[in-house]
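# Residue-level structure breakdown
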Amino acid sequence: MKKIILSGMRPTGRMHIGHLKGVLENWVSLQDDYNCYFEIADWHALTDDPTINKEVQRNVIDMVKDWLSVGIDPKKSVIFRQSLVPQHAELHLAFSMLVSVNRLLRNPTFKEKVADVRKKKSETKISLNLEGLKVESEIESIVDYLRSEDAKEANRMLKSVIGRIKEEVMERLSVVDTYEGYIPPEISYGLLGYPVLQAADILLYKGEVVPIGEDQLPHLELTREIARDFNRIYGDIFPVPEPLLTSIPKILGTDGRKMSKSYNNAIFISDSPETIRNKVYKSITDPMKIRKNDPGRPEICPVFYMHKAFNGEGYMQIEEDCRKGILGCVECKRRITEIMAESLESYRKKSENLKDDVVVEIIKEGSKKARERAEETMSEVRRCIWNF
Ligand code: TRP
């Protein structure tokens, strides 16, 4: 019997080369040896911001076009949409009783999100703070009082100014920076429960193997805890899933930051050769390598990481020649452009030829299969908890 794999992605739109090398190629290669369920995690996509539902709707189609074009095969694997399988919500509810709030507050991904929101807020507050604080006239008065040797009034004024500054600073930084456990109102209950929903995703299909990147390990650990707790309390029905860690090749965005659609620095699987060329030519390289013969530092160059991901063994020669100052950036870019454009060409053509309604149909059919499997598990769960 083939083992069951479950993995998923939030629909963020078109897939870039980081997704391709880090996730999708791996999924494609697993399809023959496992029973694969690939989930479009659209509810998860709303946990940061519930108002992006329309955008998510479009992103679902674009994302699945790319999945299909690189070889995720609906004949071999079940491609389904989380929101079309309501059993996820029910299992999520049952699981939510098994996890303490404290356990969720300790989840690293949650802590990072909270820290991000707090940082953004405190930055805007500090700039307001400096602008809004008008103390010049008071300071002038203090100087006047001192000139007329009225120390008492000068002190009174000074105290009042200091008091105001203190108050403003406390108010504007608010509890954001002073109380470590503070959670800003932008953070929803849904976000806190993100990993509980993910546990439901995996266990609803009795997933045994979960291919994920290292960043998702804490979520899988929570899934394992939930599975064990459920089995102990209600009845032994869930496998305790194992991670299948994929070594994710490093790919940087064309500006040197992490590659991400939101940074506008991504090369997409569906980009035309022309677009790929423009993006690669605009990409930063080692800023110290100005002339062709200057030695470069491949380890900080996004173009080098593209070679490493797409150029087979060829990247080693590139690395050597770059360091020695034999290879200039223009030539280096020209070569990788050619290689990438060629290797992405067939994907792009396939995804261009995929009509929206065909994709919608594939998702519908996959979700129907997923629902059937999910309902089997859910009826077991209901039997275990309520005896019906
Ligand atoms: N949290 C995952 C991510 O951000 C997406 C995801 C949702 C997932 N449900 C899952 C991954 C179940 C693996 C299994 O990448």
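This one's a predicted model, so the numbers in the text were calculated from it and none came from an experiment. (Residues numbered from 1 in each chain as written. Predicted model: local features only at pLDDT ≥ 70, side-chain atom pairs only at ≥ 80, totals over all residues. Heavy atoms only, no water.)

## Observations concerning the pairing of strand β2 (residues 34–40)
The line we're drawing: Each residue gets one of three labels from its accessible area relative to the maximum for its type: buried under 20%, exposed over 50%, partly exposed in between, using a 1.4 Å probe on protein chains only. Starting at the N terminus, helices and strands are each numbered in turn, a helix being any DSSP run of H or I of at least four residues and a strand any DSSP run of E of at least two. Here, any two strands with at least 2 DSSP bridges between them count as paired. Place the viewer so that the strands point away; then a crossover is right-handed whenever the path from the first strand over the helix to the second strand goes clockwise.
Across the seven residues that make up β2, a large majority, six, are buried. Pairing of strand β1 (residues 3–9) with β2, which is carried by seven bridges, proceeds in the parallel orientation. Across the sheet, residue Ser7 finds its bridge partner in β2, namely Phe38. Tracing the backbone out of β1, into helix α1 (residues 17–30) and back to the parallel element β2 gives a crossover that is right-handed. Across four bridges, β2 lies against strand β3 (residues 78–81) in parallel orientation. Considered in β3, the bridge of Ile40 is made with Arg81.

## Quick notes on the site of the ligand
Counted only if it meets this: Throughout, the term near means that a residue has one or more heavy atoms lying within 4 Å of the molecule or strand in question. Any pair of nitrogen or oxygen atoms within 3.5 Å is treated as a polar contact; in protein, a donor-acceptor pairing is required on top of that, and neighbouring residues in sequence qualify only through side-chain atoms on both sides. Surface exposure here means Shrake-Rupley accessible area, sampled with a 1.4 Å probe, where a residue is shielded only by the protein chains that are shown.
Near the ligand, the surroundings consist of 14 residues, among which Glu39, Tyr194, Gln198, Asp201 and Gln216 are the closest. Within the side chain of Glu39, one N or O atom sits 3.3 Å away from a nitrogen atom of the ligand. At 2.8 Å from a nitrogen atom of the ligand is found a side-chain nitrogen or oxygen belonging to Asp201. When the free accessible area of the ligand is taken as 360 Å², the share hidden by the protein chains comes to 90%. When contributions to the shell around the ligand are tallied by element, the ones reaching two or more residues are β1, α10 (194–204) and β4 (209–212). At four residues, α10 tops the list of elements feeding residues into the shell around the ligand.

## Side note on the nonpolar core
Quick reminder of the rule: Residue types Ala, Val, Leu, Ile, Met, Phe, Trp, Tyr and Cys, when buried and joined through side-chain atoms within 4.5 Å, form a set referred to as a nonpolar core. By definition in these notes, contact holds between two residues if any of their heavy atoms fall within 4.5 Å.
Of all hydrophobic cores here, the largest spans 52 residues; its most connected members are Ile17, Leu24, Trp67 and Met340. For this core, the elements supplying multiple residues, two or more each, are β1, α1, β2, α3 (53–70), α12 (273–282), α13 (302–310), α15 (329–353) and α16 (356–386). Ranked by the residues each element gives to this core, the list is headed by α3, at eight residues. When near neighbours in sequence (up to four residues on either side) are disregarded, Ile17 contacts Ile251, Met259, Ile267, Met306, Phe310, Met340 and Leu344. Within the second largest apolar cluster, 36 residues are counted, among which are Leu6, Leu192, Leu220 and Phe238.

## Here we look at the pattern of salt bridges
Convention followed: Criterion for a salt bridge: a side-chain nitrogen of Lys or Arg within 4 Å of a carboxyl oxygen of Asp or Glu.
Here the structure, examined in full by the defined rule, presents 33 salt bridges. Note that Arg58 and Asp356 form a salt bridge whose closest N and O atoms lie 3.0 Å from each other. Pair noted here: Arg58 is in helix α3 and Asp356 is in helix α16, with a separation of 298 residues, a long-range link. Through salt bridges with shared partners, one network takes in Arg58, Asp62, Lys65 and Asp356.

## As for the side chain of Lys21
Within the secondary structure, Lys21 is located in helix α1. Only 3.1 Å separates the side chain of Lys21 from the side chain of Glu25, close enough to count as a polar contact.

## Some remarks on the environment of Asp294
Summarising the element assignment, Asp294 is placed in the loop between α12 and α13. Given a relative accessible area of 22%, Asp294 falls into the partly exposed group. As for Asp294 and Ser367, which are separated by 73 residues in sequence, their C-alpha atoms are 55 Å apart.

## So, the domain arrangement of the protein chain
Note the threshold: Domain extents, as shown, originate in an automatic or database domain assignment. Note: buried area is the sum, over both parts, of the accessible area (probe 1.4 Å) each one loses when the two are combined.
Under the domain assignment used here, the protein chain contains domain 1 (4–106 + 187–251 + 356–386), domain 2 (118–174) and domain 3 (271–353). A C-alpha centroid distance of 34 Å is found between domain 1 and domain 3. Tallying the contact residues gives 11 residues for domain 1 and nine residues for domain 3. Where domain 1 abuts domain 3, roughly 900 Å² becomes buried across the two surfaces, and 70% of that area is made up of carbon and sulfur atoms. By the criterion of area lost to domain 3, the three top residues of domain 1 are Ile17, Ser69 and Lys250, representing 49% of everything that side buries. Our enumeration of links across domain 1 and domain 3 arrives at zero salt bridges. Of all the secondary structure elements, the ones that give two or more residues to the side of domain 1 that touches domain 3 are α1 and α3.

## Considerations on unusual backbone geometry
Positioned with a positive phi, Glu149 is a non-glycine residue whose angle comes to about 55°. Here Glu149 is to be found in the loop between α7 (136–147) and α8 (151–178). One non-glycine residue with positive phi stands out, namely Asn264, at about 60°. Among the structural elements, Asn264 can be located in the loop between β5 (242–245) and α12. Assessed through its relative accessible area of 75%, Asn264 is described here as exposed.

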